[in-house]
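Given next are the chains, with one letter for each unit.
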Amino acid sequence: MKFSSALKFNAVSDWWEEYIAYDILKRYIYQLEKRQQRPDGIEPSYHDLEANEQTTLVDHTDTPSADSLFKPLLDRELQKIVRFYEAQEKELMGELAELEQSITQHDEAGLEAGLNYMDEDEEDEEEDEEDEYNMLTRSDNYGKGSRHRRRKSSSVGYGTRFATGSIREEPPNRRFSVSSSEAGDLDASVLSLVPRPRSASQVASGSRGANASMSPMGRARSLASRLRSMKDSVTSVGDTIWTAKSNYALDTRLLFKRKITNLYVTFCSLRSYVEVNYSGFRKILKKYDKVMYSELKDRYMHEVVETSTPFREESKARVSDAIARLTDLYAKCVTNGDKLVAQQQLKLYQREHIAWERNTVWRQMIGQQRHGTVDGLGALMGATLVQQEESSLIDVPTPLGSLKLTKKRVSLTVALAVFIALLKMDIVAGEEANKCFAVLAFSTILWATEAIPLFVTSICVPLLLVCLRVIRDDDGIALSTPDATKYIFSVMFSPTIMLLIGGFTISSALSKTNIDRILITRVLSLAGSRPSSVLLAFMGVSCFASMWISNVAAPTLCFTLIRPILRTLPPGSSFAPALILAIALAANIGGQSSPISSPQNLIALAAMDPKLDWASWFAVALPVSIISILLIWLLLLVMYRPARSPDGEGEIEIRTIRPTRESFTLKQYWVTLVCLVTIALWCFEHEIEGLVGDMGVIAIIPIVAFFATGVLKKDDFEQFAWTIVFLAMGGIALGKGVTSSGLMVTMDGIIHRLLEGLSLYTVVLVLSPIVLIVSTFISHTIASVLLVPIAKELGERLPGSHANLLIFMTGLLCSTGMGMPVSGFPNQTAAAQEDELGRLYLSNMDFLKNGVPASIIATLVVATIGFVLMTAIGL
């Protein structure tokens, strides 16, 4: 989570205006960065929105140092925080002193102050009952009278209460049985404890006088109340107000419990306020030093921040002492002197308060940040994407309301109609094959149109295969649904899926330990300041990162690293769109470079027989990728001329990437070692196949090594791209269904007739454009799911059985479809990148003019150089 979001997450909502203005200071740093990039330090005639905001803060008449411009802003924020802290501390300390004084006064007064503690609510209730009784007696015209029997020995069950500000009911089964003579003696003994005692006879006469005007129920309630009060007084003898069980003592403790708890929470919030602001100054100064190549952080923190009132050790000690005093008061007033219980309860109240405040004030922001909604690519890529509801093609009125027909709903309807129609028709010979053909067409339409999420379509595949009884045994007999279920689920979770999860684990570990950023920044620091060199360096880094942290995460990382460069470029510079598109295209090429860089490679590996080892894959994929990157780089230099200045005079100079100063930690060395060992085992899997069995078993090593040692947590496991896993599982299930149902045999005959007399290379030239076109308009993974089985069947029908070669070729070609903004995740990420004014860097024309030629170039490289290398390694 970024610190700006963490600041909102941990801030007290009522004090929000008193926290450090982190976002404003960060924007000002970027303005200073632009100013520093110009030799004269003067802003040009154009201004963006942020420049207009900050114009009054920057004096353009001279060129003072960046430190002299930034420090006054820090001083202003620090003074604001100091003033607020001092006012809050003074107020809270005063409240604490008053609270301690009040507790001391109650200690001195003791229980005697509560002997006249009456319940006004009960008195009102008695008066209401008297009025009701009198009305009833008057309604009888006093004719019948009210003869009530009095018992000499009465047993009264009641739930009376003596409280102010709270109601406390006694258990209904709590009864007292007191005789008349005993009541008189008890009455006399209790009243002797009152400061101005009255004799028992006075009390009795007073009681009789009062009872004479009461109804029988009123007299019974009055007697019960008096007995209750007398009992409480007797049982409290020898106790203090903090231990007694009288109503007065209980209500007093409740009152002070609330006061202490509220003050404790406020003091803890003040302590958190200091800690958050200290982190804010440290973070913003660290960013300033990083962006401006300064060394202001340590000096300003030690000389200015840490010497200010809120951040001094004596101030922190005062707050901690106040919290400790409140804990002692709570233990005294509430927990009968148990400080451990008092501390636990107060911390529980504090956690509940924080949870409530976060849930109500920052709920929406934190929910989006924590769950990382994939719809908001802007949150991941740093861009602002406005998610608009899909427009409807037509609104159909219905009795239940208007039904909006969107493109997705129409596509889903068409897919269902085609599916039902194919089930009713005999298109392919064989009942199971015909059903499988309907499933294949249905899935293809849904995958191509994305009418429903891709992984949902994949999940539907095993459902349809089992329910329609498509799966057959070796004798060609349809399996029962239980047997088909066991079979289809056993093949879905294959070693390929485990290999995919192992790749996710390595990617997550490299990203979480910051190894990827450290290595990439050190490589980029060598690129210099020439635009062409920087462009090639970023393409190489993007391609290499895609090999190990997937071509989904690699462009995201690279787009984060280029932000300092994009901020300092002059408006209208062609280098910005060239750089963004170059990273996306290189990430697509990187998707073919290693077996774990993209799902389509794993699908291709799973279809090969025998399996291709990693060393053979690298022997073909690395030269193909390097040549493709160089050719696409030359294409972008010709098309964009990125070194040219926007005004046409001279060339721009790119800011050099500064390498990180962080040294490797023990955890980073551990992650590096595990990754290298795992990759080495994958490369030589064929030599140790008798020991490990398959590459999927090797993939367990990083999972165990990273999760068992705490490098990765449960949350990291939940963040894996499980939709891709299910997508691959559905593709594997569909492939097995096509083979088992006999549909592949039918397709085999058609393919054999089409390819009869064609050479291997002719098949490659025919297959390459087909794969390119399909992978350009639909997902690369889905293209491999659909085309790899066909390529396998093509290869098996050719003389010499070149199935692995065509499968390998198809896997590589699926990554070359990058001519549209929707062609693969890297392109989608690049299309979402915006400048500071919210304008997109790339348009559809950029992809058509540059992405399409780049796709053709990469396809030709695979079909020529890749074919030669595959033949050389024996495919």
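Predicted model only: the values in this text are computed from it and were never measured.

Cut-offs applied
- Residues numbered from 1 in each chain as written.
- Predicted model: local features only at pLDDT ≥ 70, side-chain atom pairs only at ≥ 80, totals over all residues.
- Heavy atoms only, no water.
- Helix = DSSP H or I, 4+ residues; strand = E, 2+ residues; numbered from the N terminus.
- Buried < 20%, exposed > 50% of the residue type's maximum accessible area, 1.4 Å probe, protein only.
- Contact = heavy atoms within 4.5 Å.
- pLDDT = per-residue confidence, 0-100.
- Phe/Tyr/Trp six-rings, centres within 6.5 Å; stacked < 30°, edge-to-face > 60°.
- Lys NZ or Arg CZ within 6 Å of the ring centre and 35° of its normal.
- Core = buried A, V, L, I, M, F, W, Y, C linked by side-chain atoms within 4.5 Å.
- Patch = residues over 30% accessible without salt bridge, like charges linked within 9 Å, V, L, I, M, F, W, Y side chains within 5 Å.
- Areas by Shrake-Rupley, 256 points an atom, 1.4 Å probe, with all protein chains shown as cover.
- Salt bridge = Lys/Arg side-chain N within 4 Å of Asp/Glu carboxyl O.
- Lys, Arg positive; Asp, Glu negative; His and termini not counted.
- Charge placed at Lys NZ, Arg CZ, Asp CG, Glu CD.
- Expected span 1.5 Å × (residues − 1).
- Axes fitted to C-alpha atoms, helices over the stretch in contact; angles between N-to-C directions.
- Parallel < 35°, antiparallel > 145°, perpendicular 65-115°, else oblique.
- Left-handed = near helix turned anticlockwise from the far one by under 90°.
- Nonpolar A, V, L, I, M, F, W, Y, C, P; charged D, E, K, R; others polar.
- Polar contact = N/O pair within 3.5 Å; in protein donor to acceptor, adjacent residues only side chain to side chain.

## Considering the overall build of the protein
In step 1: Each helix and strand in the protein was counted, giving 37 helices and four strands.
In step 2: Counting all 875 residues of the protein, 47% fall into the buried class.
In step 3: Pairs at least 24 residues apart make up 74% of the contacts formed inside the protein by residues separated by at least 6 positions.

## Points about the confidence of the model for the protein
In step 1: When pLDDT is averaged across the protein, the result is 74; 74% of the residues are at 70 or more.
In step 2: When pLDDT is averaged over each helix and strand of the protein, the minimum, 33, is found for helix H14 (residues 377–381) and the maximum, 91, for helix H29 (residues 700–708).
In step 3: Segment residues 118–125: pLDDT under 50, and 12 contacts once partners within four positions in sequence are set aside and those in other chains are kept.
In step 4: Taken as a whole, residues 362–389 scores under 50 in pLDDT and shows 42 contacts with residues more than four places along the chain or in a different chain.

## Comments concerning the packing of aromatic side chains
In step 1: Applying the stated criterion across every chain yields a total of 20 aromatic pairs.
In step 2: Where Phe-419 meets Phe-442, the ring centres are 5.0 Å apart and the plane angle is 45°; that geometry is what we call tilted. Of this pair, Phe-419 sits in helix H15 (residues 407–424) while Phe-442 sits in helix H16 (residues 431–449), and the two are 23 residues apart along the sequence.
In step 3: Here Phe-442 falls in the buried class, since its relative accessible area comes to 8%.
In step 4: Put simply, the rings of Trp-15, Trp-16, Tyr-19, Phe-84 and Tyr-273 touch in pairs and so form one group of aromatic residues.
In step 5: Sitting over the ring of Phe-256, Lys-259 keeps its end group 5.6 Å from the ring centre.

## A look at the nonpolar core
In step 1: If you look at the biggest cluster of nonpolar residues, it comprises 158 residues, and the most contacted ones within it are Trp-614, Trp-682 and Leu-806.
In step 2: When residues in this core are grouped by element, the largest group, 16 residues, is from helix H21 (residues 531–561).
In step 3: Discounting residues that sit within four places of it in the chain, Leu-806 has contacts with Leu-760, Val-763, Val-764, Leu-767, Ala-791, Leu-794, Gly-795 and Leu-798.
In step 4: Counting residues in hydrophobic clusters, the runner-up holds 63 residues, among them Tyr-28, Ile-260, Cys-268 and Leu-285.

## Observations concerning a nonpolar patch on the surface
In step 1: Together, Met-845, Leu-848, Val-852, Ile-856 and Leu-860 line one region of the surface with nonpolar side chains, adding up to about 430 Å² of accessible area.
In step 2: Tracing the backbone through its elements, the reader meets Val-852 in helix H37 (residues 844–872).
In step 3: For Val-852, a relative accessible area of 33% puts it in the partly exposed group.

## Examining the pattern of salt bridges
In step 1: Counted according to the given criterion, the structure contains 10 salt bridges.
In step 2: With a shortest N-O distance of 3.5 Å, Arg-325 and Asp-321 are connected by a salt bridge. Pair noted here: Arg-325 and Asp-321 are both in helix H11 (residues 313–333), with a separation of four residues, about one helical turn.
In step 3: Judged by relative accessible area, which is 26%, Arg-325 ranks as partly exposed.
In step 4: The partner of Lys-512 in a salt bridge is Asp-716, with the nearest N and O atoms 2.7 Å apart. Residue Lys-512 is located in helix H19 (residues 495–512), and its partner Asp-716 is located in helix H30 (residues 714–718); the two are separated by 204 residues in the primary sequence.
In step 5: The buried category is assigned to Asp-716, whose relative accessible area is 16%.
In step 6: A single salt-bridge network, built from bridges that share partners, covers Glu-100, Asp-321 and Arg-325.

## Quick word on unusual backbone geometry
In step 1: Of note, the bond from Asp-609 into Pro-610 is cis; its omega dihedral lies within 30 degrees of zero at 5°.
In step 2: Even without a glycine there, the phi angle at Asn-336 is positive, about 60°.
In step 3: At Arg-469, a position not held by glycine, the phi torsion is positive, near 55°.
In step 4: Along the chain, the position of Arg-469 falls in the loop between helix H17 (454–467) and helix H18 (481–492).
In step 5: A relative accessible area of 38% means that Arg-469 is categorised as partly exposed.

## Looking at a positive patch on the surface
In step 1: Where like charges cluster on the molecular surface, the positive patch consists of Arg-282, Lys-283, Lys-286 and Lys-290.
In step 2: One can find Lys-290 in helix H9 (residues 247–292).
In step 3: Classification of Lys-290 as exposed rests on a relative accessible area of 57%.

## Quick look at H19
In step 1: Here H19 contains 18 residues, and its C-alpha end-to-end distance of 26 Å stays within 8% of the 26 Å for a straight helix at 1.5 Å per residue.
In step 2: Among the 18 residues of H19, 15 are classified as buried, and the element is accordingly described as predominantly covered.
In step 3: The first or second residue beyond H19 is Asn-514, which carries a positive phi of 70°.

## Quick word on helix H26 (residues 666–683)
Every α-helix winds through 3.6 residues per turn, so residues three or four apart in the chain are directed the same way.
In step 1: End to end, H26 covers 26 Å across 18 residues, agreeing with the expected 26 Å (1.5 Å per residue, within 8%).
In step 2: Every buried residue of H26 is accounted for by Gln-668, Val-671, Val-674, Cys-675, Thr-678, Ile-679, Trp-682 and Cys-683.

## Examining the environment of Ile-24
In step 1: Position of Ile-24 among the secondary structure elements: in helix H2 (residues 22–37).
In step 2: With a relative accessible area of 44%, Ile-24 lands in the partly exposed category.
In step 3: Here the alpha-carbon distance between Ile-24 and Leu-73, two residues 49 residues apart in the chain, equals 9.8 Å.

## Structural notes on the packing of H16 against helix H31 (residues 722–741)
In step 1: Interhelical geometry of H16 versus H31 gives an angle of 155° and a closest axis separation of 9 Å. Between H16 and H31, the interaxial angle falls into the category roughly antiparallel. For H16 against H31, the interelement crossing comes out left-handed. Listed contacts from H31 to Glu-432, Ala-433, Cys-436, Val-439, Leu-440 and Trp-447 of H16 are Leu-727, Leu-734, Gly-737, Val-738 and Ser-741.
In step 2: The residue inventory of the contact of H16 with H31, partitioned by class, reads eight nonpolar, two polar and one charged.

## Some words on the packing of helix H25 (residues 614–640) against H37
In step 1: Here H25 crosses H37 at 150°, and the two axes come no closer than 9 Å. Relative to H37, the element H25 lies roughly antiparallel. Seen along the crossing, H25 lies across H37 with a hand that is right-handed.

## What about the environment of Val-461?
In step 1: Tracing the backbone through its elements, the reader meets Val-461 in helix H17.
In step 2: Owing to a relative accessible area of 0%, Val-461 belongs among the buried residues under this scheme.
In step 3: Residues Val-461 and Cys-436 lie 25 residues apart in sequence; the distance between their C-alpha atoms is 10.0 Å.
In step 4: Those residues in contact with Val-461 that lie beyond four places of it in its chain are Ser-443, Trp-447, Gly-730, Ala-733 and Leu-734.

## Details of the side chain of Asp-846
In step 1: Assignment of secondary structure puts Asp-846 in helix H37.
In step 2: Buried charged residue Asp-846 carries no salt bridge. Nearest counter-charge: Lys-849, at 6.3 Å.
In step 3: With residues near it in sequence (within four places) discarded, Asp-846 still touches Leu-581, Tyr-640, Tyr-841 and Gly-851.

## Structural notes on the side chain of Thr-678
In step 1: Along the polypeptide, Thr-678 turns up in helix H26.
In step 2: Of the residues examined, Thr-678 reaches a relative accessible area of 0% and is grouped as buried.
In step 3: Polar side-chain contacts of Thr-678 include one of 2.8 Å to the backbone oxygen of Val-674.
In step 4: Aside from chain neighbours lying at most four places away, what touches Thr-678 is Ile-506, Ile-698, Ile-701 and Pro-702.

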